[in-house]
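# Structure assessment
So you can see what is in the structure, the chains are spelled out below.
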Amino acid sequence: MNVDQAEVKKFEDLAARWWDPDSEFAPLHAINPLRANWIDSHAQVAGKTLLDVGCGGGILSEAMAQRGAMVTGLDMGEKPLAVARLHALESQLEIDYIQQPVETLAEEQPESFDVVTCMEMLEHVPDPASVISACAKLCKPGGYLFFSTINRNPKSYAFAILGAEYVLKLLPRGTHDWQKFIKPAELAAAVRQADLLVGETLGMTYNPITKQYKLVNHDVDVNYLMAARKPG
Ligand code: SAH
């Protein structure tokens, strides 16, 4: 199975604080409006079926449901999903949260989602290409996919590991393993290999002075997002 239990456990242990905007999950809360707007501007999610792969406690899933998407969230962590289900109740949103490897869902329900999102998750799995190909299979022809992850180069080591985990302490030490980071060219190759078309690729930068994140089209050195489409 394409699941690293040690990676999943990292998120199980933090799950209770998922919705605390001052917790380890502060960066996900901070980037959420940016990525939700970006996804919506490409895919117009209202009324569409959307699968959020590696949804965790549901920060993006809820933002998509608030915009009118019919959302299914998938994760392999039990506690993040329990938190996600409770929070959806509080938010009065109907979201279907499931604990299942994305590869088996792809076997069971091919071509059933208009939109597939997979954010900040690929760098935690043993075989990211397998997740991408499962996402491609789950997407309807003509549908939209959105991936995000972290680039692999000396700067991303300095910013995403040393900076974020050791200096600024935005994330707990050991959250990320630099070797699992994915270069944009590698992500694009896996996207094409899954018979998808590569779309807009944007960087996401963080200014530690203003504590602001921004989407930019000139700097994919550290965090970045990639849109894709399934032909059809
Ligand atoms: N996508 C969410 C959460 C990112 S944290 C967001 O951006 O807000 C990474 C998530 O990936 C965690 O919830 C973790 O449990 C999940 N994960 C790790 N390996 C996984 C796998 N093989 N299958 C499904 N989810 C996985």
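Note: the structure precedes this text.
Below you will find a few notes about this structure. (Residues numbered from 1 in each chain as written. Predicted model: local features only at pLDDT ≥ 70, side-chain atom pairs only at ≥ 80, totals over all residues. Heavy atoms only, no water.)

## A short note on the site of the ligand
Neighbouring the ligand are 16 residues; Arg-35, Gly-54, Gly-56, Asp-75 and Met-119 lie closest to it. Note that a nitrogen atom of the ligand is positioned 3.5 Å from one of the backbone N or O atoms of Met-76. At a separation of 2.8 Å, a nitrogen atom of the ligand approaches a polar backbone atom of Met-119. Here the ligand has 570 Å² of accessible area as a free molecule, and 98% of this is covered by the chains. (Near = heavy atom within 4 Å. Polar contact = N/O pair within 3.5 Å; in protein donor to acceptor, adjacent residues only side chain to side chain. Areas by Shrake-Rupley, 256 points an atom, 1.4 Å probe, with all protein chains shown as cover.)

## Observations regarding the sheet that holds strand 2 (residues 70-75)
Strand pairs in the sheet, formed through backbone hydrogen bonds, run parallel or antiparallel to each other. The strand order across the open sheet built from eight strands is 3-2-1-4-5-8-6-7, with neighbouring strands paired in mixed fashion. Looking at strand neighbours, the two that pair on one side only are strand 3 (96-99) and strand 7 (212-216), the edges of this open sheet. Direction aside, neighbouring strands of the sheet carry axes that sit 20° apart on average. In this structure, strand 1 (residues 49-53) lies alongside strand 4 (residues 113-119), joined through three bridges in parallel fashion. Residue pairing in the sheet places Leu-50 in a bridge with Val-115 of strand 4. (Pairing = 2+ DSSP bridges. Helix = DSSP H or I, 4+ residues; strand = E, 2+ residues; numbered from the N terminus. Axes fitted to C-alpha atoms, helices over the stretch in contact; angles between N-to-C directions.)

## Details of helix 3 (residues 59-66)
Counting buried positions along helix 3 gives seven out of eight residues, so the element sits mostly inside the fold. Lining the buried residues of helix 3 we find helix 2 (26-43), strand 1, strand 2, helix 4 (78-90), strand 3 and strand 4. Looking one or two places after helix 3, you find Gly-68, whose phi comes out positive at around 95°. (Buried < 20%, exposed > 50% of the residue type's maximum accessible area, 1.4 Å probe, protein only. Contact = heavy atoms within 4.5 Å.)

## Some remarks on the pattern of salt bridges
Considering all chains together, one arrives at 12 salt bridges under this definition. Where Lys-10 meets Glu-7, a salt bridge forms, and the shortest distance between an N and an O atom there is 3.0 Å. Pair noted here: Lys-10 and Glu-7 are both in helix 1 (residues 5-14), with a separation of three residues, about one helical turn. Relative accessible area serves as the criterion here: at 6%, Glu-7 is assigned to the buried category. One salt bridge in this structure joins Glu-111 and Lys-230, with 3.6 Å as the shortest N-O distance. Here Glu-111 is found in the loop between helix 5 (102-108) and strand 4, whereas its partner Lys-230 is found in the segment after strand 8 (223-229), with 119 residues between them in sequence. By relative accessible area, Lys-230 is classed as buried at 13%. Overlapping salt bridges, with partners in common, bring together Asp-4, Glu-7, Lys-10 and Lys-180 in one network. (Salt bridge = Lys/Arg side-chain N within 4 Å of Asp/Glu carboxyl O.)

## Remarks on unusual backbone geometry
For Gln-92, which is not glycine, the phi torsion reads 55° and is therefore positive. Along the chain, Gln-92 turns up in the loop between helix 4 and strand 3. In the Ramachandran plot, Asp-195 falls in the positive-phi region, its phi being about 65° despite a non-glycine side chain. Residue position: Asp-195 is located in the loop between helix 8 (184-193) and strand 6 (197-207). Relative accessible area serves as the criterion here: at 60%, Asp-195 is assigned to the exposed category.

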